[in-house]
Amino acid sequence: MKKQVKGNLNDLRQGAHNTWEELETSALTVRIGTPTCGRAAGSLDTLQTFRERIAKEGAEAHLIEVGCMGLCFAEPLVMINNPESGLPPILYGPITYEHVQRLVEGFVLGDDPCLELALGTVEFKEDGTPYIPEMPRFEIEERLILRNCGYIDPLNIEHYLARGGYLTLQQVLQTEPEKVVSEVEQARLRGRGGAGFPTATKWKLCRQMEKEPKYIICNADEGDPGAFMDRVVLESDPHSVIEGMVIAAHAIGASRGFVYTRAEYPLVMERLKVALAQAREIGVLGDAILGSGFNFDIELVGGAGAFACGEETAMIASIEGQRGMPRPRPPYPAVYGLFGEPTVVDNVKTFALVQRILEQGGEWFSRIGTPNSTGTAVFALAGRVEQIGLVEVPMGTTLREVIYDVGGGIPEGRQFKAVQIGGPAGGCLSESSLDLPVDYDSLKEAGAIMGSGGMVVLDESNCMVETARFFVDFLARECCGKCTMGRLGVKQMLLILADFVKGEGDEEDLDLLEKLAEDIGQGCLCHLGGSAANPVLTTLRYFRDEYEAHVKEKRCPALVCKELITYYVVPEKCERACDHCVLTCPTEAIVTDERTRLKKVLQDKCVKCGTCLDVCPPEYSAVIKVSPPEKVKELEEAAGG
Amino acid sequence: MAEPVTEKATVELTIDGKRVRAEQGEKILWAALAEGIAIPHLCAIKEAEPPLGTCRLCLVEVEGQGVVASCVESVREGMVVHTDGERAVALRRRAMELLLADHPLECKDCPKKGKCDFLQLSIAMKVKRPKNYRPFPREELPVDASHPRIIFDPNKCIRCGRCVWVCKERVGEVPFDFIQKGYEMRLTTFMDKPLGESDCTGCGECVEVCPVAALCFKEGG
């Protein structure tokens, strides 16, 4: 890229625009998604194979590495635009290296669109957001944050500029900071980190403080298991977040910014470093931004892997070089933040939305979503759904639409049981909540939280007591340990739950667990610790019968908790001559009756590994799990010993 | 003695029905204690800003606001505080129960016998070690007697953080701090070295503020 004189952004953008137009209308392009998720699915092999084949064939094709389109179930994704074919761009997936030859011969060199590998054609909305008309999910989705994700090259700032990047910042720098704040206020934007605090209120408070310097922190410490929204945004479109941060800095009068992200996100770190250097080079970051009198620079900070550092005051302590522990609020960071100075801490997605709001106007934004929760929500849809991935829907979309229409429903014809929203400290909602609109207030009322946007779908094969134990185990290990409720209370909940999944405990313990959770929710030093009560309280609220089955009947209804199940071979179903289970059992716990050839599980030898159930041929499905364990005796007696 | 020329602004609030004047910015806890109204507390240090807020024993209720930590929340004009609100009392008891459940109750042979703030507070709060809790899986750690003046018994520590605060703020030394997280969080020296090999000057400020027998002077304190 040519070195540009600062303040000459318009020329640069015009050049980028021309190059982009040419690329879009007349060049043969192959876009390959190489974010972390795509790489895990093998996209680097796909990329390498494309590179080799295209070189070998001498084809004039542009290989473009892009970010994530959110269609995780179909990774690695490849998008080919062959203008000569007269066809629109086509999206393919999953494309491993084995499929590359077919695509090169078919659609790179020829005009055969290889429809057997295609997901659909790519079309564009008025604002340039790509969508796939063949996929019904795009009718529900509205991509404000993910607009560029999976379409532009995140390492090429010209792509961002060509799509209007930093134009908003140019305009914002000509406006009074108060006007920027009031635009965000008009948008009624609420923080995307999870708590949903009105962004403009925070900004105003910080702006009013008569103290210098002021700081901006972008919270990219995405620690929730199963959540990857912030990673995708930063890996796929880092400049939108940087632009949002510079706009925010102008609005509150900050001179320095930080992006605090996980060091376990190496690609985020790498791409942000490149993007920050590019931003400095074209003069949208650093001293005298775009020739104005405004100075602001951003520093990248890598966290050391502590979940607690996602809490804003712990994050501030960590940046200061202290142990990453939350401190009591108030005072809020907007008043007393980093190094004791006024500081605004916002989530990655909040900054990305700030850019959109200042571009399109607060009024426009406030019309999307619901009156109290405006705009869109990004979810990482995972668990027992057909099409896992990133989803961006307007606030107020129902859970049913997200799970069934966007996610494609539950696989293998199983029954939906619960949806876990808001990360480990979120809540598990039952089928009765499926028609709940997804917004901050509805979720809170139901006992869950918006959280950072994790959404894990559970079906009938998931035990809710074990699910609660799993999340509390995570929280007990990851809470900072500073206050009594967080350190000892959460651990005590875990000890009780660990007993429940073994069938130990009684109704009084259920009561103790519930009261303990309520106390932790109210008495913790920080909201992160307080939210540790959510997985327990919501599972007790919606799935109390499962808890009661565990403690009263020593029975696990979902047949998950190891201590409460036994394996049994159903005589009527067993083929008898087949010895799969006998031969694979690692502890020789399955024996064959010499006379009848029937199989029997010796319970004292069985370690409940489940191998017999896995290997029993599906046409027989003779191995079953039963709970409570004693039930196996009844079955054996009924079968005649 | 002459009257101070300028007085700090004060506010009036109500604590347990009693009208109280307190300096602007004062925390509820200290305003109450100054008026003889008792609120349990262990980790609180008046000069600590921001406050530690770790023990959760000083929770009170504020009308229109709910449960707050009185060592953290500042007084406001017209504020109405109830130290005996049902929820606040239940939460304070819960915090005390949790601390007791995790503490080795070997009071008979304890060097702090008779002067243990923690034990006295639990008696005042009428809280006993709960029987229905699951036992915490605390592993016994060796007692560190390497320092010429101070004995450090990590098993007795309730992790209030007072010692760390005084050492950093008053003495300026940092021979020890908390490591690990969650239930495993514990107080130790840099690289887990014996206290005697650390930078500890032995001033004893930490011993003075320790509410249990985690930090004691040698020879019976």
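The coordinates are above.
Residues numbered from 1 in each chain as written. Chains lettered and ligands numbered in written order. Predicted model: local features only at pLDDT ≥ 70, side-chain atom pairs only at ≥ 80, totals over all residues. Heavy atoms only, no water.

**Q** How should the sheet that holds strand β11 (residues 343-347) of chain A be read in this particular structure?
**A** For sheets, the rule is that strands pair by backbone hydrogen bonds, running either parallel or antiparallel. All names here are of chain A. Strand order in this open sheet of four strands is β10-β9-β8-β11, and the pairing throughout is parallel. Edge positions in the sheet fall to β10 (297-303) and β11, since each has one partner strand and no second. With strand direction ignored, the average angle separating the axes of adjacent strands in the sheet is 20 degrees. Sheet topology places strand β8 (residues 215-220) next to strand β9 (residues 256-262); six bridges connect them, and they run parallel. Note on β9: the bridge partner recorded for Tyr-215 is Arg-256. Sheet strands in contact with helix α12 (residues 266-281) are β9 and β10, and its direction is about 170 degrees off that of β10. (Pairing = 2+ DSSP bridges. Helix = DSSP H or I, 4+ residues; strand = E, 2+ residues; numbered from the N terminus. Axes fitted to C-alpha atoms, helices over the stretch in contact; angles between N-to-C directions. Contact = heavy atoms within 4.5 Å.)

**Q** I tried to follow unusual backbone geometry on my own but got confused; where do I start?
**A** A negative phi angle is the norm for most residues apart from glycine, just as the trans form is the norm for most peptide bonds. All names here are of chain A. Of the consecutive residues Glu-75 and Pro-76, the connecting peptide bond is found in the cis state with omega at -5 degrees. Take Pro-76: it is sitting in the loop between β2 (61-66) and β3 (78-81). Put simply, Ser-627 and Pro-628 share a cis peptide bond, and its omega is -5 degrees. With respect to the secondary-structure elements, Pro-628 resides in the loop between β20 (623-626) and α26 (631-638). One non-glycine residue, Tyr-166, adopts positive backbone phi at about 65 degrees. In this structure, Tyr-166 sits in the loop between α6 (157-162) and α7 (167-173).

**Q** Explain the environment of Leu-613 of chain A here, please?
**A** All names here are of chain A. For Leu-613, the position within the fold is in helix α25 (residues 611-615). A residue is classified by how much of its surface remains accessible, and Leu-613, at 31% relative accessible area, is partly exposed. Each C-alpha atom, one on Leu-613 and one on Ile-624, is 6.7 Å from the other, the two residues being 11 residues apart in sequence. Leave out the neighbours within four places in its chain, and Leu-613 touches Tyr-567, Val-623, Ile-624 and Lys-625. (Buried < 20%, exposed > 50% of the residue type's maximum accessible area, 1.4 Å probe, protein only.)

**Q** For this particular structure, what's the right way to read helix α4 (residues 97-108) of chain A?
**A** The set of residues buried in α4 of chain A consists of Val-100, Leu-103, Val-104, Gly-106, Phe-107 and Val-108 of chain A. Against the buried residues of α4 of chain A lie β1 (28-33), α3 (43-57), β2, β3 and β4 (90-92) of chain A.

**Q** Would you take a moment to explain empty space enclosed by the protein for this structure?
**A** A probe matching the size of a water molecule, rolled over the atoms, marks out where space remains unfilled. Residues and elements named next belong to chain A. Across all of its chains, the model carries 10 cavities of 30 Å³ or more by this definition. Taken as a whole, the largest cavity encloses approximately 160 Å³ of empty space. Forming the walls of the largest cavity are 18 residues, and the residues nearest its centre are Cys-479, Cys-480, Cys-526, Leu-528 and Gly-529. For the lining of the largest cavity, the elements supplying multiple residues, two or more each, are α18 (464-478), α19 (484-500) and α21 (527-530). In terms of residue class, the lining of the largest cavity is built from 12 nonpolar, three polar and three charged. Each of domain 2 (166-365) and domain 4 (464-553) gives at least three residues to the lining of the largest cavity. (1 Å grid on protein atoms, 1.4 Å probe; cavity = no way out; pocket = protein on both sides within 12 Å on 5 of 7 lines; lining within 4 Å. Points joined across faces, edges and corners; volume = space filled by probe spheres on them. Nonpolar A, V, L, I, M, F, W, Y, C, P; charged D, E, K, R; others polar. Domains from an automatic or database assignment.)

**Q** Before we go on, may I ask you to explain the interface of chain B and chain A in this structure?
**A** By a frequent convention, interface size equals the accessible area lost on bringing the separate parts together. Taken together, the contact between chain B and chain A spans 36 residues of the former and 40 residues of the latter. Regarding the contact of chain B and chain A, the summed buried area is about 3,000 Å², with carbon and sulfur atoms giving 58% of it. Three residues stand out in chain B for area buried against chain A, namely Arg-94, Arg-134 and Lys-181 of chain B, and they jointly supply 24% of the buried area on that side. At the boundary of chain B and chain A, one finds five salt bridges. Among the ionic pairs, Asp-509 of chain A bridges to Arg-134 of chain B, the shortest N-O distance being 3.0 Å. One can count 16 residue pairs in polar contact (both at pLDDT 80 or more) joining chain B with chain A. Listed by contribution, the elements that provide at least two residues to the side of chain B that touches chain A are α2 (86-101) and β7 (176-179) of chain B. If one sorts the elements of the side of chain B that touches chain A by residue count, α2 of chain B sits on top with seven residues. (Buried area = accessible area lost by both parts, 1.4 Å probe. Salt bridge = Lys/Arg side-chain N within 4 Å of Asp/Glu carboxyl O. Polar contact = N/O pair within 3.5 Å; in protein donor to acceptor, adjacent residues only side chain to side chain.)

**Q** Can you help me understand the side chain of Glu-73 of chain B in this one?
**A** Its place among the elements puts Glu-73 of chain B in the loop between β4 (66-69) and β5 (80-82). On the basis of relative accessibility, which here comes to 9%, the residue Glu-73 of chain B falls in the buried class. One polar contact links Glu-73 of chain B to Gln-65 of chain B, side chain to side chain, over a distance of 2.8 Å. With residues up to four places along the chain from it excluded, the contact list for Glu-73 of chain B reads Pro-330 of chain A together with Glu-26, Lys-27, Ile-28, Gln-65, Val-68 and Met-79 of chain B.

**Q** Sorry if this is basic, but what is going on with the side chain of Thr-29 of chain A here?
**A** Structurally, Thr-29 of chain A can be placed in strand β1. When residues no more than four places from it in sequence are discounted, the contact partners of Thr-29 of chain A are Leu-23, His-62, Ile-64, Met-79, Ile-80 and Asn-81 of chain A.

**Q** For this particular structure, what's the right way to read the environment of Val-626 of chain A?
**A** Residues and elements named next belong to chain A. By the secondary structure assignment, Val-626 is in strand β20. Through-space distance from the C-alpha of Val-626 to that of Val-391 is 38 Å; in sequence the pair is 235 residues apart. With near-sequence residues (within four places) excluded, Val-626 lies in contact with Leu-559, Leu-564, Ile-565, Thr-566, Val-632 and Leu-635.

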